Each structure stands twice: as structure tokens, then as C-alpha cells.
Amino acid sequence: MDADAAYMLPSDQVLRDAAPADGFEAIGSGRDFTADVVIVGAGPGGGSIARVLSEGGLDVLVLEEGPASSRFRPNYAHTARYHMQESGAMVARGRAMMPIAAGRGVGGGTLINSALSFRAPDTVLDDWAELLDEPGLSSAAMASIYDEISAMVGVGVTPDAIAGENNRLIVRGIEKLGLDGGLAPRSTPGCVGCGVCYFGCPSGGKASADRTFFPRAVNAGCRIQAEVRVNEVLTEGGRAVGVRGFALHPDTLERGGTVTVRAARVVLAAGGIGTPRLLWTTGLGTALGPVGEGLHVHPGSTILAECDHTVEMWKGATQGAYFHHPDLPGVLPHTFSAPPEACLIAAGFIGAKWQEGLALLPKLCGMLVMVSDKGSGRVRAFSDGRADITYDFDDEDITRTKRGLVEVARVLQAGGAGRLHVPIFGVPPTETPEELEAALASRSLTDFTLYAAHPMSTCRMHTDADKGVIRPDGQAHNLPGLYISDASVFPTSLGVNPQLTTMAMGTYLGRKMLKGA
């Protein structure tokens, strides 16, 4: 990750005032717009492509369902209400139930993620370039775009001064075992290490899309209308010509006036769940090919360990350390950062064990294991517009998760930790990685507590209309004028946190669109 260290610019060279957006009141009884391009979704995909198209001279309008301005408070219920799709209640059904998180608001998921900013592995990009016969997506060709985006969002290796003891302990373990890893690259040039990224950045130090891409887009003439739920893609003569939706009050959920946008081109950027959900809601799911198929999510599980010194794992840079193990390709262990109550639940300190957990809480450290999944799922839409998500786990993913937890246990204990706790049914606290490995051997999928926050690949890019929804230039195979710019277009599972690649892909596709303007 040394390539990203060069982009840790001073925060005043990266962070701008949050982009202004109109909200519910501006819509009144209804509002009509015209634009060259309308973008649905104001996250990393929507922001990156809006910046490129606006600076390229096009009249761009962005619609966003979430609030016009950030509503940050250090409270999960509040964050779920205002800044998570479907109030944080999306769950994938299958052999096991798995919550899936996705952001909303002007900034989208960048408002409430940990800001981890890994570049896509070279092998992944090169495979995409070969699959799509698109040399511009190769690792060599995309390097300059990653450089550009990394500078724009201030990617830099987490400074030790704000890392916190949880991250430092992990780094000590990584170094002692000689593994590849260390403090992680994050797009947080103004970070003060308060550890509450998931609730929104209270210090204003995170380079979220509302403070990077959208201010640039607005300066170039882009307009943003938030607090609108889009439920229709307008078509004429077999071509997308706009969208329609309605105002949605962020506090009361009152339905307001109708919003209609006529545009030469429509870009959907609502995310790996939101974009296919919208296409199925509008009735276009069947016509556009494999919409919602091939969902990948990077499922993960957690491990905590007791220490003989104070850690306070909720303090310090969020998810500020990581490592790669040579025997576990596609597995990315990184810091587990969560509020105290989530730490206790993850360690199994519930019910009668709650008091015991409270006493141990300041001395717990932890990591999570994330896998580039071989399993996959599907997204549809219920009649009320909510996402209908199913997911089929591949047994190999659970095997790799088990192996990853054991390797994480070795890192934590090498860094100074002791007894191990995992939120897996039938696995008691263990003293050594070997004991943990033995306890995990008989555990099956339904014993695990799993979580995912990286939905992708549900409207894949492919040259074949039977295998993908969009072409390599971002336009839908079966509906001219409709484009997609978010993680749903990834041809395969990415294997690392998708924020930076979503931004890079949006930039790439935006330039493709300008060439075809």
C-alpha cells in the first residue's frame, strides 16, 4: 500500500465544504427538471461520475433519496434512520440470515463507512480487462485513475498518532509474524482518531463524497435534489429519457410532490442493492438481462481477544490495520471497530454474561475476517419497494472464514492478546489458535454470526447481454440512454473494500460517456 502514502495531503487541500443540495421543501407540490444527464444516487459512484460529467461541460442533475444534509449523531438507531438504506434493516435470506448494510444521503456509503481505501488487486483488474476485452480496465491502465482519485480523497496510511491501541496491537502481531500488512490506507486526511466513522465523521476529517466529488461537480454547474425516492425510469421509443419519483420527508417520511426529470441520459448509481431494486421496482428488471443476479457481499465474521492492558477498541482510527496471509488469497483480515455494546455482543457477553463482559470491555481487542465470496445471491424488489435479497453461501467461503479466524488469532496473540472469543454457536472461549481451530472444525454455516456491507456485481458489466446488464462503456445492452455507475457493475467479487474502485470506475465510465457525448 506504499503507493497510497503519497496522497496523504493536508486536509485543507482535500476537504471542501459539503455540497449544497435542495430538499423536501424545495419540491413543494411538484418539480420538473431538464438536464443532459440525471444521476440517481449520491454515493461514491454517483459523485465520481457527476464530477467528471459536470467538469466536462454537461448539465448534470443528481437525485438522492437520503437527507440533503448530514444528520450525524453517535447513535446506531439514528444513523440507521437517516443514513442507511431501508433503515439498516436489509437482510439476505438463505441457509443463513445475513444483514447487509448500504448508505444513503448526499455522500452515500462514504458518510458512514470506515474510509478504507484499498486499490483493486492487479489480478482482479487484469481479469476484468481480459473478460471484457477492455484494455482500459487493466491494472496498468487504471493506475493513473487510482492516483487521481487517491489524491482527490486524500488517501494515506493511518498515522500511528491516531491509530489507537487496538490497531497498534494488530500491527505488533503482524510484524512479529512477518506478514504483509500494517496500518491501513484510509481517505481521512483530517482524522483525529475518535473511532465513530460508522455514525458519520463528527470532526469533518473524512473525505466523503459530499466533501470531495460533489463540491467540484456543483462548482461546475451540477445541481443536487435530495429527499426524493425515484420509482420510475421514463422511456420513449425504446430509450431511457428521464426518471420520475416523489419527495420523501426525511423526518416524517411524508410523501410530497412529484419530481420529473427529462434527460438525454440516465445514470443509476444507487449501489449494489439499490440499483437492481430500482430496476425491478420500475418493471425493467426482466427486459435488461440478469438484473440483480450474481450478488457478492464480502461476508465476514469477528474475533475478539482479552488483553492484560487497556485497549478501548472503540477508540482510534476505524479499521486502521490489516494483513494478507500467503495461504489465504481472497481473505482480508482487518481491524474490528465498533461501539462498546457491539463489542460485547460480538464476544458473546449477553444475558447473564453481560456484567462479566463490562468488566473485560476496556481490555478487549479485535479483528474481522472478510472473504472475497465464491457464493452469490440475487436482488429483486417486494411490492412495497423494499429489497428482496437471497444469498447462497459456498461452503468454501465458510472454510476460508474459519482459517482466517485462526490466523487472526495468531496475529492478536503475537501482538500481546490472550483468551479468544468468537460469535459462533458452540465455540467457547479458547486459549490458543490451535484450540480455536479444533473448536471451529465441526461448526457449520448456521452457527456463524455473519455480516456484510459490500454489495456488488448485481448489474454486471459484460460484452454479452445474456451475462451482463451494461456494456464496457457503462450503457445498458437493452436500453439505450441508461447507464450504471456503482459497485453493481463489477464483473466479479472485488476482494477488498470497494469504495476506491467504485470511485475509479465512476471516473472511467464518466470519461467514456463524454467521448460519446
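Note that this is a predicted model, so its numbers are computed, not measured.

## Notes on the overall build of the protein chain
Part 1 of the argument: A count of helices and strands for the protein chain gives 14 helices and 20 strands.
Part 2 of the argument: Rg of the C-alpha trace for the protein chain: 22 Å, near the compact-globule value of 24 Å for 517 residues, within the 12% margin.
Part 3 of the argument: When its C-alpha atoms are laid out on the principal axes, the protein chain stretches across 65 × 45 × 45 Å.
Part 4 of the argument: Sorting the 517 residues of the protein chain into buried and exposed places 60% on the buried side.
Part 5 of the argument: A separation threshold of at least 6 residues defines the contact pool for the protein chain, and within that pool the share at least 24 residues apart is 75%.
Part 6 of the argument: When the accessible surface of the protein chain is totalled, it reaches about 18,700 Å², and 51% of it is carbon and sulfur.

## Side note on helix 5 (residues 122–132)
Part 1 of the argument: All of the buried residues along helix 5 are Val124, Leu125, Trp128, Ala129 and Leu132. The buried residues of helix 5 occupy one face: seen down the axis, they fall within an arc of 135°. More than 90 degrees from the buried face of helix 5, the exposed residues found are Asp122, Thr123 and Glu130.
Part 2 of the argument: As for helix 5, its buried residues are in contact with helix 6 (139–152) and helix 14 (499–515).

## Some thoughts on the sheet that holds strand 17 (residues 376–381)
Part 1 of the argument: With mixed pairing, five strands are arranged side by side in an open sheet as 4-3-18-17-12. One side of each edge strand has no neighbouring strand; the edge strands of this open sheet are strand 4 (98–99) and strand 12 (293–295).
Part 2 of the argument: Pairing between strand 12 and strand 17: two bridges, direction antiparallel. Paired with Glu293 across the bridge in strand 17 is Arg378.
Part 3 of the argument: Each of strand 12, strand 17 and strand 18 (387–392) touches helix 9 (residues 271–281); the most contacted strand, strand 17, lies at about 45° to it.

## Section: unusual backbone geometry
Part 1 of the argument: The backbone of Ala115 shows a phi angle near 70°, a positive value even though the residue is not glycine.
Part 2 of the argument: Structurally, the position occupied by Ala115 is in the loop between strand 4 and helix 5.
Part 3 of the argument: Here Ala115 falls in the buried class, since its relative accessible area comes to 0%.
Part 4 of the argument: Phi at Gln319 takes a positive value of approximately 45°, unusual for a residue other than glycine.
Part 5 of the argument: As for its position among the elements, Gln319 is in the loop between strand 13 (300–306) and strand 14 (321–324).
Part 6 of the argument: Residue classification places Gln319 among the buried positions, given a relative accessible area of 6%.

## Some words on helix 4 (residues 76–83)
Part 1 of the argument: Regarding helix 4, the residues found buried are His78, Thr79, Ala80, Tyr82 and His83.
Part 2 of the argument: With a side-chain oxygen lying 3.0 Å from the backbone nitrogen of Ala77, the N-terminal cap of helix 4 falls on Asn75.

## So, the state of the cysteines
Part 1 of the argument: Overall, the coordinates contain zero disulfides when judged by the stated rule.
Part 2 of the argument: For the unlinked cysteine Cys194, the closest cysteine sulfur is that of Cys201, found at 5.8 Å.
Part 3 of the argument: Here Cys307 stays unpaired: no disulfide links it, and the sulfur of Cys365, its closest cysteine neighbor, is 3.7 Å away.

## Concerning the pattern of salt bridges
Working definition: two side chains of opposite charge can pair if their charged atoms are close together.
Part 1 of the argument: For the structure on display, the rule yields 26 salt bridges.
Part 2 of the argument: Of the charged contacts in the structure, one is a salt bridge between Arg51 and Glu148, with a shortest N-O distance of 2.8 Å. Of this pair, Arg51 sits in helix 3 (residues 44–55) while Glu148 sits in helix 6, and the two are 97 residues apart along the sequence.
Part 3 of the argument: When salt bridges that share partners are traced, they join Arg51, Glu55, Glu148 and Arg511 into one network.

## Some details on the packing of helix 7 (residues 160–177) against helix 12 (residues 395–414)
Part 1 of the argument: Running from amino to carboxyl end, helix 7 crosses helix 12 at an angle of 100°, the nearest separation of the two axes being 7 Å. The orientation of helix 7 with respect to helix 12, classified from their angle, is roughly perpendicular. Here Leu169, Ile170, Gly173, Ile174, Lys176 and Leu177 of helix 7 lie close against helix 12, whose contacting residues are Arg410, Val411, Leu412 and Ala414.
Part 2 of the argument: A class-by-class count of the residues in the contact of helix 7 with helix 12 yields seven nonpolar, one polar and two charged.

## Thoughts on a negative patch on the surface
Part 1 of the argument: A contiguous patch of negative charge, built from Asp122, Asp126, Asp127 and Glu130, is present on the exposed surface.
Part 2 of the argument: Among the secondary structure elements, Glu130 is positioned in helix 5.

## With respect to the pairing of strand 9 (residues 228–236)
Part 1 of the argument: For strand 9 and strand 10 (residues 239–248), the ladder comprises eight bridges, and the chain directions are antiparallel. What sits directly across from Glu232, in strand 10, is Arg244.
Part 2 of the argument: Once strand 9 ends, the chain turns through two residues before running back antiparallel as strand 10, passing Gly237 with a positive phi of about 60°.

## Topic: the pairing of strand 1 (residues 30–40)
Part 1 of the argument: Looking at chain direction, strand 1 and strand 11 (residues 255–268) are connected through ten bridges and run parallel. Bridge assignment links Ile39 to a residue of strand 11, and that residue is Val267.

## A look at the side chain of Arg216
Part 1 of the argument: Mapped onto the elements, Arg216 comes out in helix 8 (residues 213–219).
Part 2 of the argument: Nearest to the buried, unbridged Arg216 among oppositely charged side chains is Glu55, at 5.2 Å.
Part 3 of the argument: Among all residues touching Arg216, those that are not within four sequence positions of it are Val14, Arg16, Arg51, Glu55 and Met152.

## Section: the packing of aromatic side chains
Working definition: an aromatic ring pair is given by the centre-to-centre distance plus the angle between the planes.
Part 1 of the argument: Under the criterion given, the structure shown has three aromatic pairs.
Part 2 of the argument: Considering the side-chain rings of Phe118 and Tyr322, the 5.1 Å spacing of their centres and the 75° angle between planes classify their relative orientation as edge-to-face. Separated by 204 residues along the polypeptide, Phe118 in the loop between strand 4 and helix 5 and Tyr322 in strand 14 bring together distant segments of the chain. The residues Phe118 and Tyr322 share a single accessibility class, namely buried.
Part 3 of the argument: Ring plane angle 75° and centroid distance 4.8 Å describe the contact between Tyr391 and Phe393, whose orientation is recorded as edge-to-face. Accessibility assignment for this pair places Tyr391 and Phe393 in one class, buried.
Part 4 of the argument: The positively charged end of Arg255 is found above the aromatic ring belonging to Phe246, 3.8 Å away from the centroid.

## Comments concerning the packing of helix 5 against helix 6
Part 1 of the argument: Axis separation between helix 5 and helix 6 bottoms out at 9 Å; the angle between their running directions is 115°. Seen from helix 5, the contacting residues are Asp122, Leu125 and Asp126; seen from helix 6, they are Ser139, Met142 and Tyr146.
Part 2 of the argument: Looking at side-chain class alone, the contact of helix 5 with helix 6 contains three nonpolar, one polar and two charged residues.

Rules and cut-offs
- Residues numbered from 1 in each chain as written.
- Predicted model: local features only at pLDDT ≥ 70, side-chain atom pairs only at ≥ 80, totals over all residues.
- Heavy atoms only, no water.
- Helix = DSSP H or I, 4+ residues; strand = E, 2+ residues; numbered from the N terminus.
- Rg over C-alpha atoms; globule rule 2.2 N^0.38 Å.
- Buried < 20%, exposed > 50% of the residue type's maximum accessible area, 1.4 Å probe, protein only.
- Contact = heavy atoms within 4.5 Å.
- Areas by Shrake-Rupley, 256 points an atom, 1.4 Å probe, with all protein chains shown as cover.
- Arc of directions from axis to C-beta.
- Pairing = 2+ DSSP bridges.
- Axes fitted to C-alpha atoms, helices over the stretch in contact; angles between N-to-C directions.
- Polar contact = N/O pair within 3.5 Å; in protein donor to acceptor, adjacent residues only side chain to side chain.
- Disulfide = S-S within 2.5 Å.
- Salt bridge = Lys/Arg side-chain N within 4 Å of Asp/Glu carboxyl O.
- Parallel < 35°, antiparallel > 145°, perpendicular 65-115°, else oblique.
- Nonpolar A, V, L, I, M, F, W, Y, C, P; charged D, E, K, R; others polar.
- Patch = residues over 30% accessible without salt bridge, like charges linked within 9 Å, V, L, I, M, F, W, Y side chains within 5 Å.
- Lys, Arg positive; Asp, Glu negative; His and termini not counted.
- Charge placed at Lys NZ, Arg CZ, Asp CG, Glu CD.
- Phe/Tyr/Trp six-rings, centres within 6.5 Å; stacked < 30°, edge-to-face > 60°.
- Lys NZ or Arg CZ within 6 Å of the ring centre and 35° of its normal.

Spatial relationships are all this shows, so hold off on functional conclusions.
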